[in-house]
Amino acid sequence: DNIVLDVRNLSVYYYTIAGTVRAVENVSFKIERGDWVTFVGESGSGKSTVAHALVNLVPNPGKIVKGEIIFNGKNLITMDIEELRKIRGKDISMIFQDPMTSLDPLRKIGDQIMEVMIEHGVDEEEAKKRAKELLRSVNIPEDRLDYYPHQLSGGQRQRIIISMAMAFHSKLIIADEPTTALDVIVQDSIMDLLEDLRKSGTSVFFITHDISLASERSSKIGIMYAGKLVEFGLVDQIIENPKHPYTAALFQSTPDLWVDKTITSIPGYPPDLRDPPKGCRFYPRCQVFKENSNLKGVCNGKEPVMKEVEPGHFVACHLYGD
Ligand code: ATP
Ligand code: MG
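Residues numbered from 1 in each chain as written. Chains lettered and ligands numbered in written order. Predicted model: local features only at pLDDT ≥ 70, side-chain atom pairs only at ≥ 80, totals over all residues. Heavy atoms only, no water.

**Q** What's the story with the site of ligand 1 in this structure? I'm lost.
**A** The local shell around ligand 1 holds 18 residues, among which Ser 43, Gly 44, Lys 47, Ser 48 and Thr 49 are the closest. A distance of 3.0 Å separates an oxygen atom of ligand 1 from a polar atom in the backbone of Gly 46. Within the side chain of Lys 47, one N or O atom sits 2.8 Å away from an oxygen atom of ligand 1. Surface burial for ligand 1 is 70%, taken as the share of its 630 Å² of free accessible area covered by protein chains. Only strand 1 (3-16), strand 2 (19-32) and helix 1 (47-54) provide two or more residues apiece to the shell around ligand 1. (Near = heavy atom within 4 Å. Polar contact = N/O pair within 3.5 Å; in protein donor to acceptor, adjacent residues only side chain to side chain. Areas by Shrake-Rupley, 256 points an atom, 1.4 Å probe, with all protein chains shown as cover. Helix = DSSP H or I, 4+ residues; strand = E, 2+ residues; numbered from the N terminus.)

Take a look at the structure:
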């Protein structure tokens, strides 16, 4: 079928000395073939934690405490480690914010690229030829095949991972703020490469702080707040018709999305995820809650669940449904 990744009720906690951080709670969404799904949200809202969890690589002291991640009919969370290793970096490529990427730091770039080709029955000479072509296709000199990952720039590493995803016909690429540390020209070239990759049939899961960047290339957008996915839908549904008060407030606080608008920042701060608010995690900052006394005991009493408010558009807010 069309579903590449089906994430169901994912919860991830970090067990720290100072307490349990409920970093991701009950997150559900689907990535379909050809999708470019972008998650946006403030710093600390759980975006990177979701990205790592998708390939069962949550760093210590984090643990996936609940949920399923179904890829090709199999749950990646309960899959044995060998099977998972075969999927990572091949069927699913990853570009993470931190240095832990799908490139092995101890092996030369060329060997890593060629290994997968050889596994797929290509002979060594042909594999070398193709590896050179691959580097050239992303504007990297072919002698870099003999380099180790740390000898390349961040932008080069990312371009190599994208080119590998293209060569291996990956089903999914996970890109956690792949362009944040790079200058604008390199940023654009990476976005263009991801776009080419998507057109060739690889679905993209992308993370950014930049809402205008999200709206440019994505097919779907997810909004995260304090460890919860509060809204998910097609780009137009989210941008033109945000339903969750947090999404609306986030857009209202973001310059350059619309030209003539007054920028209003969201009052207060995101909660401490060791002790998040009961009910909706956004209610202490929610203007709609403040202005409607009938919501007392609802928003601050019961956790809202995701509801489909129009086809493909999901919102976790007590204003909708029930
Ligand atoms: P940013 O936009 O800054 O990258 P993010 O949305 O990616 O933020 P995460 O890195 O997923 O957010 O963090 C989610 C929550 O989990 C935060 O409250 C963070 O403090 C906590 N967290 C993340 N990594 C760890 C860790 N290794 N140990 C303890 N807590 C962590
Ligand atoms: Mg992050």
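Picking up after the structure, the text goes on.
**Q** Would you mind showing me how to read the nonpolar core here?
**A** Note on soluble globular proteins: their nonpolar side chains tend to be buried together. By size, the foremost hydrophobic cluster in this structure holds 35 residues, and its most contacted members are Leu 5, Phe 29, Phe 39, Leu 54, Leu 76, Ile 174 and Phe 205. Ranked by residues supplied to this core, first place goes to strand 1 with 6 residues. If we skip the residues at most four places from it in the chain, Phe 29 touches Leu 5, Asp 6, Val 7, Phe 39, Val 50, Leu 54, Phe 205, Leu 229 and Phe 232. In this structure, Val 122, Leu 182, Leu 194 and Phe 206 belong to the second largest nonpolar core, which totals 34 residues. (Core = buried A, V, L, I, M, F, W, Y, C linked by side-chain atoms within 4.5 Å. Buried < 20%, exposed > 50% of the residue type's maximum accessible area, 1.4 Å probe, protein only. Contact = heavy atoms within 4.5 Å.)

**Q** Is there a simple way to explain a negative patch on the surface in this structure?
**A** Taken together, the side chains of Asp 111, Asp 123, Glu 124, Glu 125 and Asp 146 define an acidic patch exposed on the protein surface. By the secondary structure assignment, Asp 146 is in the loop between helix 4 (124-137) and helix 5 (154-167). (Patch = residues over 30% accessible without salt bridge, like charges linked within 9 Å, V, L, I, M, F, W, Y side chains within 5 Å. Salt bridge = Lys/Arg side-chain N within 4 Å of Asp/Glu carboxyl O. Lys, Arg positive; Asp, Glu negative; His and termini not counted. Charge placed at Lys NZ, Arg CZ, Asp CG, Glu CD.)

**Q** I would appreciate a short explanation of the pattern of salt bridges in the present structure.
**A** Opposite charge on two side chains lets them pair, provided their charged atoms get close. What the rule picks out here adds up to 20 salt bridges. Across the salt bridge formed by Arg 285 and Glu 42, the nearest N and O atoms sit 3.9 Å from each other. Of the two residues, Arg 285 is situated in the loop between helix 9 (245-252) and helix 10 (287-291) and Glu 42 in the loop between strand 3 (36-40) and helix 1; the sequence distance between them amounts to 243 residues. Taking relative accessible area as the criterion, Arg 285 reaches 6% and is therefore assigned buried.

**Q** Help me out: how do you make sense of the side chain of Lys 228 in this one?
**A** The topology assignment puts Lys 228 in strand 10 (residues 228-234). What makes Lys 228 buried here is its relative accessible area of 10%. Of the polar contacts made by the side chain of Lys 228, one reaches the side chain of Glu 303; its length is 2.6 Å.

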